[in-house]
Amino acid sequence: MLLNNTIILPGLEGVIITKSEVTADGVYELSVEMPVTPHICPSCFQETKRTHDYRAQPVRHLKIAERPTILRYRKRRYHCPCGKNFAEENPFVNKFQRFSKEWNQQVQIRSVKAKTFTEIAAQYQTSVSTIIRRFDAIVPSAMKGPAALPEVIAIDEFKGNTGKEKFQLIIADAQTREPIDILPNRRKDTIKDYLRKHGAKVQVVVMDMSQAFKAAVKQALDRPIIVADSFHFVRYMNWALDRVRVREQARWHEYDRKTCKKARYIFHKAAHKLTEKDQWLLQRYFSFSSELKKAYEFKEAFYEWFYEAKRNGGTRIVETQKKLHQFYLKVKESGIPELTRTVQTYQNWEREILNRFEFNYSNGFVEGLNNLTKVMKRNGFGYRNFARFRARILLHHQYKHIGNSLG
Ligand SMILES: [Zn+2]
């Protein structure tokens, strides 16, 4: 059957399809060749249209009509009067390749987007190592890394478990929320060296309350504005409350100790979100320990301060600071050691905490990236190899808007 050669199949524009058939094992085979066109001889640069011979080159192509598809390419070689024989140009397959350009491109996009390499290998009926090779091939061009970091960045650690390191560091643009880079570990010197190299334009850094991060940023950058991430600093208050609860419940009867441990999450809830049952339980535990009650009330007071500070923003920062100092004082008067220690931490980070309201940046979105890596690990991407791991996360983001229409 000679198909009308004006039929355009994706990736085969300008190609003549001379025959199409479905083989006994269900493979769709297309016999294809290129029209004769003048070619420039690579040796003497003269034009020639003289065919020398043909070579058969089978090329794996994307599925057509849900069938594995092979292009039976009749590759023409031209002859030049100078004596040189050379292969014609074609739009669908590179030299010495067994897969079409379209196939490679889609597998590459898929390898970035899919949950596992194995899944793609099955879908494209090829080996996992072929998929990994395709993935590795795009890494260098897509991963040039930043020439310079933007003005506002967020840094956060996450548990990637790649190579010998448990924790990696993600650097993101805090304004666009795009991940920029991933460092192999969260150590001070690693961060410092990286910022010295790329951070000339950086003015603001959002981070959790890590001394190592703060030291690295201060040593690498010229008078940076450090913003403590609110998710992180608010969490310290819940941790302090947890410690008070653990200390207090240790003195109780086993039954109450166990149920209180089980119900520990209700202590983190805001008072106005407590159910009747939550309230009943809390009242019971508070009746055993007035200190636990006090600690819960301090936690609530801190949240109240936080939301008010957020509403007030940068314009009433002096008031926000005054109220924070009042909070410190009350906590210290209470003499609850766990809370007092937390307040000391807040005092060490006060400038950075207040900057949160002055500049209104957070790194909460980095959590989303953490979730992505969790999914990757759960699905057995198992990136022992840090470079591949880093590439997978950054490319996943770069490819967010690419190829969503693919089958
Ligand atoms: Zn020639």
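Residues numbered from 1 in each chain as written. Predicted model: local features only at pLDDT ≥ 70, side-chain atom pairs only at ≥ 80, totals over all residues. Heavy atoms only, no water.

Student: I tried to follow the overall build of the protein on my own but got confused; where do I start?
Tutor: A count of helical and extended segments in the protein gives 15 helices and 12 strands. For 407 residues, the compact-globule formula gives about 22 Å, and the C-alpha radius of gyration of the protein, at 31 Å, lies well above that figure. Oriented by its inertia axes, the alpha-carbon framework of the protein measures out at about 100 × 50 × 40 Å. Considering the protein as a whole, with its 407 residues, one finds that 48% of them fall into the buried category. Looking at the protein as shown, the accessible area adds up to about 21800 Å², and 51% of this sits on carbon and sulfur atoms. One finds the centroid of the 71 positive side-chain charges in the protein at a distance of 4 Å from the centroid of its 43 negative side-chain charges. (Helix = DSSP H or I, 4+ residues; strand = E, 2+ residues; numbered from the N terminus. Rg over C-alpha atoms; globule rule 2.2 N^0.38 Å. Buried < 20%, exposed > 50% of the residue type's maximum accessible area, 1.4 Å probe, protein only. Areas by Shrake-Rupley, 256 points an atom, 1.4 Å probe, with all protein chains shown as cover. Lys, Arg positive; Asp, Glu negative; His and termini not counted. Charge placed at Lys NZ, Arg CZ, Asp CG, Glu CD.)

Student: Sorry if this is basic, but what is going on with the sheet that holds strand β10 (residues 179–183) here?
Tutor: Two strands in a sheet stick together by hydrogen bonds in their backbones, pointing the same way (parallel) or opposite ways (antiparallel). Read from one edge of the open sheet, 5 strands run β10-β9-β8-β11-β12, paired in mixed fashion. Each edge of the open sheet carries a strand with a single partner, namely β10 and β12 (225–228). Going from strand to strand, the sheet's axes swing by 30 degrees on average, the running direction of each strand aside. Across 3 bridges, strand β8 (residues 152–162) lies against strand β11 (residues 204–207) in parallel orientation. Counted as the bridge partner of Val152 is Val204 from β11. (Pairing = 2+ DSSP bridges. Axes fitted to C-alpha atoms, helices over the stretch in contact; angles between N-to-C directions.)

Student: Would you explain the nonpolar core in this entry?
Tutor: If you look at soluble globular proteins, the nonpolar side chains tend to sit buried side by side. Within the largest apolar cluster, 59 residues are counted, with the highest numbers of intra-cluster contacts made by Ile153, Ile155, Phe233, Phe267, Phe302, Trp305 and Ile353. Among the domains, domain 2 (152–229 + 363–398) and domain 3 (230–359) are the pair contributing at least three residues each to this core. Not counting the four nearest positions on each side in its chain, Phe302 is found in contact with Phe233, Val234, Met237, Leu324, Phe327 and Tyr346. In this structure, Leu62, Ile170, Tyr361 and Ala391 belong to the second largest nonpolar core, which totals 37 residues. (Core = buried A, V, L, I, M, F, W, Y, C linked by side-chain atoms within 4.5 Å. Domains from an automatic or database assignment. Contact = heavy atoms within 4.5 Å.)

Student: Would you mind showing me how to read the environment of Val59 here?
Tutor: With respect to the helices, strands and loops of the structure, Val59 is situated in strand β5 (residues 50–64). Val59 gets classed as buried once you look at its relative accessible area, which sits at 0%. Put simply, Val59 and Leu71 are 12 residues apart on the chain and 5.0 Å apart in space, counted from C-alpha to C-alpha. The contact partners of Val59, leaving out residues within four places of it in the chain, are Thr69, Ile70, Leu71, Tyr73, Val93, Arg98, Phe99 and Ser100.

Student: Please clarify how the domain arrangement of the protein should be interpreted in this entry.
Tutor: Frequently, the measure chosen for interface size is the accessible area that the parts lose on association. As far as domains go, the protein holds domain 1 (1–98), domain 2 (152–229 + 363–398) and domain 3 (230–359). On a C-alpha basis, the centres of domain 1 and domain 2 stand 47 Å from each other.

Student: Would you take a moment to explain the coordination of the zinc ion for this structure?
Tutor: Four donors placed tetrahedrally around a metal ideally meet at 109.5 degrees, and six donors placed octahedrally ideally meet at 90 or 180 degrees. Coordination of the zinc ion by the protein involves Cys41 (SG), Cys44 (SG), Cys80 (SG) and Cys82 (SG), with metal-donor separations of 2.2 to 2.3 Å. All donor residues of the zinc ion come from one chain, and their arrangement in sequence is C-x2-C-x35-C-x1-C. In this pair, Cys44 is assigned in the loop between β3 (39–40) and β4 (47–48) and Cys80 in the loop between β6 (67–79) and β7 (85–87), connecting sequence segments 36 residues apart. (Donors = N, O, S within 2.8 Å, 3.2 Å for Na, K, Ca; no water.)

Student: Just to check I follow, could you spell out the pattern of salt bridges for this structure?
Tutor: Between side chains of opposite charge, a pair can form when the charged atoms approach closely. Evaluation of the coordinates by the stated rule reveals 25 salt bridges. Here Arg74 and Glu33 are joined by a salt bridge, their closest N and O atoms 3.3 Å apart. Of the two residues, Arg74 sits in strand β6 while Glu33 sits in strand β2 (residues 28–33), which places them 41 residues apart along the sequence. By sharing partners, the salt bridges in this structure join Arg247, Glu248, Arg251, Glu291 and Glu338 into a single network. (Salt bridge = Lys/Arg side-chain N within 4 Å of Asp/Glu carboxyl O.)

Student: I would appreciate a short explanation of the packing of aromatic side chains in the present structure.
Tutor: The geometry of an aromatic ring pair is captured by the separation of the ring centres together with the interplanar angle, meaning the angle of the planes. Within the structure shown, the criterion is met by 21 aromatic pairs. Consider the rings of Phe267 and Phe286, whose centres lie 6.5 Å apart with planes at 70 degrees: the pair is edge-to-face. Pair noted here: Phe267 is in helix α8 (residues 265–268) and Phe286 is in helix α9 (residues 276–288), with a separation of 19 residues, a long-range link. Like Phe286, Phe267 is buried. The interplanar angle of 70 degrees and the centroid separation of 5.3 Å between the aromatic rings of Phe306 and Tyr307 together place this pair among those described as edge-to-face. Here Phe306 falls in the buried class, since its relative accessible area comes to 5%. Among the aromatic residues, those joined into a cluster by ring pairs are Phe233, Phe298, Phe302, Tyr303, Trp305, Phe306, Tyr307, Phe327, Tyr346 and Phe357. (Phe/Tyr/Trp six-rings, centres within 6.5 Å; stacked < 30°, edge-to-face > 60°.)

Student: Just to check I follow, could you spell out the packing of helix α6 (residues 230–249) against helix α12 (residues 337–348) for this structure?
Tutor: How two helices sit against one another is set out by the angle between their axes and by the gap between those axes. Where α6 meets α12, the axes come as close as 8 Å, and the angle between the chain directions of the two elements is 165 degrees. Looking at the two axes, α6 sits roughly antiparallel to α12. Judged by the twist between their axes, the crossing of α6 over α12 is right-handed. Contacts between α6 and α12 involve Phe233, Val234, Tyr236, Met237, Ala240, Leu241, Arg243, Val244 and Arg247 on the former and, on the latter, Pro337, Glu338, Leu339, Thr342, Thr345 and Tyr346. (Parallel < 35°, antiparallel > 145°, perpendicular 65-115°, else oblique. Left-handed = near helix turned anticlockwise from the far one by under 90°.)

Student: Please explain the environment of Gly314 as it appears in this structure.
Tutor: Here Gly314 shows up in the loop between α10 (290–312) and α11 (317–334). Gly314 gets classed as partly exposed once you look at its relative accessible area, which sits at 32%. On a C-alpha basis, the gap between Gly314 and Arg251 in space is 45 Å, while along the polypeptide they are 63 residues apart. In this view, Gly314 contacts Phe357 and Glu358; residues no more than four positions away in its chain are not counted.

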